[in-house]
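For reference, the chains in residue letters:
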Amino acid sequence: MKQEHSVQVAVWSTLDRIRSEYAQVLQTAPLSLEELFSSESFQLEGFGKGFAPHAKSEELQTIAEQFGRQYGIWLENAKHYITCTLFLYPTAGYNRLAAIVKNNAVDYFLNDTMGRDVFSLLTADKQQAAQEIVERMATLDDGLVVAPWAHPVELANAEVLNYMRQTSPGQWFREFLKFYSHHIGVTHKDLNSPVLGQIAGVSEYIEMRIHTAGMHHIMLLIEYSTGNFLDWRRLEENGLLQPLKRLHFTVAAFGALSNDLFSFEKEVIDNNSDSNLVMSILLNDPALTLREAILQSAEIVGNLLAEYSSVLAVIRRKSQNMFALANGLSEHLEGVERCLEASWLWQVYTKRYKRPRSIWAETTLASKTRGIAP
């Protein structure tokens, strides 16, 4: 109890302090995340030029909404979330992407009704009910049999997963289900430090954040979206397994941690959450100012982009004479790059983080969205 109390005091005193510092930063010119993330190794300016979301975006958004309404799990704000998928997989097969956006409708319902930002606001009875739903969904095996008393979101989830199982190799689906289920289990609960009873280290927070963002299974969906499933055994035999996994990690971590800066105001300032990279850095080094913590956070994100560039060069160099792997791997690498582009461009585009006044140039309502809206 003493430890829990001391953690709570540390969190609330830090929140009080940075709320005051935030008000001061808000009086200055907005910071540019594009500039903060860029380096000599990787420039975001012009990145993704010519990028466009999926050509059937409007139809696919309608499919997601119809599916959500069918099961009574559609939330109006889900429209902003669904657009992310349309950015992530712009060359996906139509039916495959229809399954992915339905999966998004499920995940968004969970996120905005019992996710880490809102769980603490639920009544005790609703928290208990949410825990039971999440437990069942997180432990669903590849038989995909749901309980007779299942919540509609569980039925919706099983329907989508069943279709995905039928349209993918067994090994891929089992790997996907493992990461997706873990994402559900670790995300939909109160993840603030006072409840956890400890302040996690920054590295520990980053590892957890990639799972709560669902980035591991999002990367796996690159293969599913086009039906281009990789032969991971042959990749390992040719020394490409670890570099490709690291490439996936850099994109996954970029998506999750860049989002912590985009959503900093929504999560920390509005909702008093400490489950955010900026807060993690501040709680682990209370002497830092808010601006210093922001710069450290941005440096971590920028380093991921630089590493992505270097690892990609290694993979291309190693694979250039591997003709048997070349076509499938080349298509996959293009998909990875599109995911990285989408992770950046969607966050700039979406209205989910916009506000009349923001410390970020990209989330100030007057900011341009580059004409790439679906």
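Treat the numbers as computed from the prediction; the structure is a model and nothing was measured.

Student: So what about the overall build of the protein chain? Which residues, and what values?
Tutor: Regarding its fold elements, the protein chain presents 17 helices and zero strands. The C-alpha radius of gyration of the protein chain comes to 21 Å, within 12% of the 21 Å expected for a compact globule of 374 residues. Dimensions along the principal axes, computed over C-alpha positions, put the protein chain at roughly 55 × 55 × 40 Å. On the protein chain, roughly 16,700 Å² of surface is accessible, and the fraction owed to carbon and sulfur atoms is 51%. In the protein chain, 34 positive and 43 negative side-chain charges are present, and the distance between their average locations comes to 4 Å.

Student: Just give me the short version of the packing of aromatic side chains, but keep the residues and values in it.
Tutor: Inspection of the entire model under this criterion finds 13 aromatic pairs. Ring plane angle 70° and centroid distance 5.1 Å describe the contact between Phe-42 and Phe-47, whose orientation is recorded as edge-to-face. Ring geometry for Phe-176 against Tyr-180: centres 5.6 Å apart, planes inclined by 10°, an arrangement best described as stacked. Within this pair, Phe-176 and its partner Tyr-180 are both found in helix α8 (residues 170-187), separated by four residues, close to a single helical turn. With a relative accessible area of 0%, Phe-176 lands in the buried category. What makes Tyr-180 buried here is its relative accessible area of 1%.

Student: Any chance you could break down the pattern of salt bridges for me, citing the residues and the numbers?
Tutor: Taken as a whole, this structure holds 13 salt bridges when the rule is applied. The shortest N-O distance in the salt bridge between Arg-246 and Glu-307 comes to 2.7 Å. A residue pair is termed long-range when its members are at least 10 positions apart, and Arg-246 in helix α13 (residues 241-262) and Glu-307 in helix α16 (residues 290-319) qualify at 61 residues. On the accessibility criterion, Arg-246 (36% relative accessible area) is partly exposed. Judged by relative accessible area, Glu-307 falls into the partly exposed class, the value being 24%. Residue Arg-355 is joined to Asp-270 by a salt bridge in which the shortest nitrogen-to-oxygen separation is 3.1 Å. Of this pair, Arg-355 sits in the segment after α17 (323-349) while Asp-270 sits in helix α14 (residues 264-270), and the two are 85 residues apart along the sequence. Classification of Arg-355 as buried rests on a relative accessible area of 17%. For Asp-270, a relative accessible area of 41% gives the class partly exposed. A single network of salt bridges, built from pairs that share partners, joins Glu-65, Arg-69 and Glu-76.

Student: Run through the environment of Gly-255, naming residues and quoting values.
Tutor: When you line up the elements, Gly-255 lands in helix α13. The exposure class of Gly-255 is buried, given its relative accessible area of 9%. Once residues within four sequence positions are removed from consideration, Gly-255 is found in contact with Met-215, Ser-343 and Gln-347.

Student: An account of the layout of surface pockets is needed here, citing residue identities and associated values.
Tutor: Leftover empty space is mapped by rolling, across the atoms, a probe with the size of a water molecule. Approximately 530 Å³ is the volume attributed to the largest pocket. Forming the walls of the largest pocket are 18 residues, and the residues nearest its centre are Glu-175, Leu-220, Glu-223, Trp-232 and Lys-245. Every element with two or more residues in the lining of the largest pocket is listed here: α8, α11 (215-226), α12 (232-237) and α13. Taken together, the residues of the lining of the largest pocket sort by class into 10 nonpolar, three polar and five charged.

Student: Kindly report on the confidence of the model for the protein chain, identifying the contributing residues and their values.
Tutor: Averaged over every residue, the pLDDT of the protein chain is 91; residues scoring 70 or more account for 95%. Taking the mean pLDDT of every element in the protein chain, the minimum, 83, falls on helix α9 (residues 193-196) and the maximum, 98, on helix α7 (residues 152-166). Note on residues 369-374: pLDDT under 50 across the span, and 20 contacts to partners over four residues away in sequence or across chains.

Student: Give a detailed account of the packing of helix α10 (residues 202-212) against helix α15 (residues 277-284), specifying residues and quantitative values.
Tutor: Running from N to C, α10 and α15 cross one another at 160°; their axes reach a closest spacing of 9 Å. Comparing the axis directions of α10 and α15 gives the class roughly antiparallel. Where α10 crosses over α15, the two elements pack in a sense that is right-handed. In this structure, α10 uses Val-202, Tyr-205 and Ile-206 to contact α15, whose residues at the interface are Leu-277, Ser-280, Ile-281 and Asn-284.

Student: An account of α15 is requested, with residue identities and associated values reported.
Tutor: Burial analysis of α15 places seven of its eight residues in the buried class, the great majority of the element. For α15, every residue scored as buried is listed here: Leu-277, Val-278, Met-279, Ser-280, Ile-281, Leu-282 and Leu-283. By the N-cap criterion, in which a side-chain oxygen at the helix start approaches the backbone nitrogen of a residue two or three places on, α15 is capped by Asn-276, the distance to Val-278 being 3.0 Å.

Student: Can you tell me about the side chain of Asp-274, naming the residues and giving the values?
Tutor: Along the chain, Asp-274 falls in the loop between α14 and α15. Polar contacts involving the side chain of Asp-274 include one to the side chain of Ser-193, which spans 2.7 Å. The contacts of Asp-274, once residues within four sequence positions are left out, are Val-11, Asn-192, Ser-193, Pro-194, Met-279, Ser-280 and Leu-283.

Student: Tell me about empty space enclosed by the protein, residues and numbers included.
Tutor: Following the criterion strictly, the structure yields two cavities of 30 Å³ or more and no others. As a volume, the largest cavity reaches approximately 560 Å³. What lines the largest cavity is a set of 33 residues, among which Tyr-81, Arg-209, Ala-213, Asn-259 and Tyr-353 lie closest to the centre. When contributions to the lining of the largest cavity are tallied by element, the ones reaching two or more residues are α4 (78-88), α5 (94-114), α8, α10, α11, α13, α14 and α17. Of the residues forming the lining of the largest cavity, the biggest block, five residues, is contributed by α5. Partitioned by chemical class, the residues of the lining of the largest cavity number 12 nonpolar, 14 polar and seven charged. Computed from the structure, the second largest cavity encloses a volume of approximately 90 Å³. Contributing elements (two or more residues each) for the lining of the second largest cavity: α11 and α17. Residue composition of the lining of the second largest cavity, by class: five nonpolar, six polar and three charged.

What counts, and at which threshold
- Residues numbered from 1 in each chain as written.
- Predicted model: local features only at pLDDT ≥ 70, side-chain atom pairs only at ≥ 80, totals over all residues.
- Heavy atoms only, no water.
- Helix = DSSP H or I, 4+ residues; strand = E, 2+ residues; numbered from the N terminus.
- Rg over C-alpha atoms; globule rule 2.2 N^0.38 Å.
- Areas by Shrake-Rupley, 256 points an atom, 1.4 Å probe, with all protein chains shown as cover.
- Lys, Arg positive; Asp, Glu negative; His and termini not counted.
- Charge placed at Lys NZ, Arg CZ, Asp CG, Glu CD.
- Phe/Tyr/Trp six-rings, centres within 6.5 Å; stacked < 30°, edge-to-face > 60°.
- Buried < 20%, exposed > 50% of the residue type's maximum accessible area, 1.4 Å probe, protein only.
- Salt bridge = Lys/Arg side-chain N within 4 Å of Asp/Glu carboxyl O.
- Contact = heavy atoms within 4.5 Å.
- 1 Å grid on protein atoms, 1.4 Å probe; cavity = no way out; pocket = protein on both sides within 12 Å on 5 of 7 lines; lining within 4 Å.
- Points joined across faces, edges and corners; volume = space filled by probe spheres on them.
- Nonpolar A, V, L, I, M, F, W, Y, C, P; charged D, E, K, R; others polar.
- pLDDT = per-residue confidence, 0-100.
- Axes fitted to C-alpha atoms, helices over the stretch in contact; angles between N-to-C directions.
- Parallel < 35°, antiparallel > 145°, perpendicular 65-115°, else oblique.
- Left-handed = near helix turned anticlockwise from the far one by under 90°.
- Polar contact = N/O pair within 3.5 Å; in protein donor to acceptor, adjacent residues only side chain to side chain.

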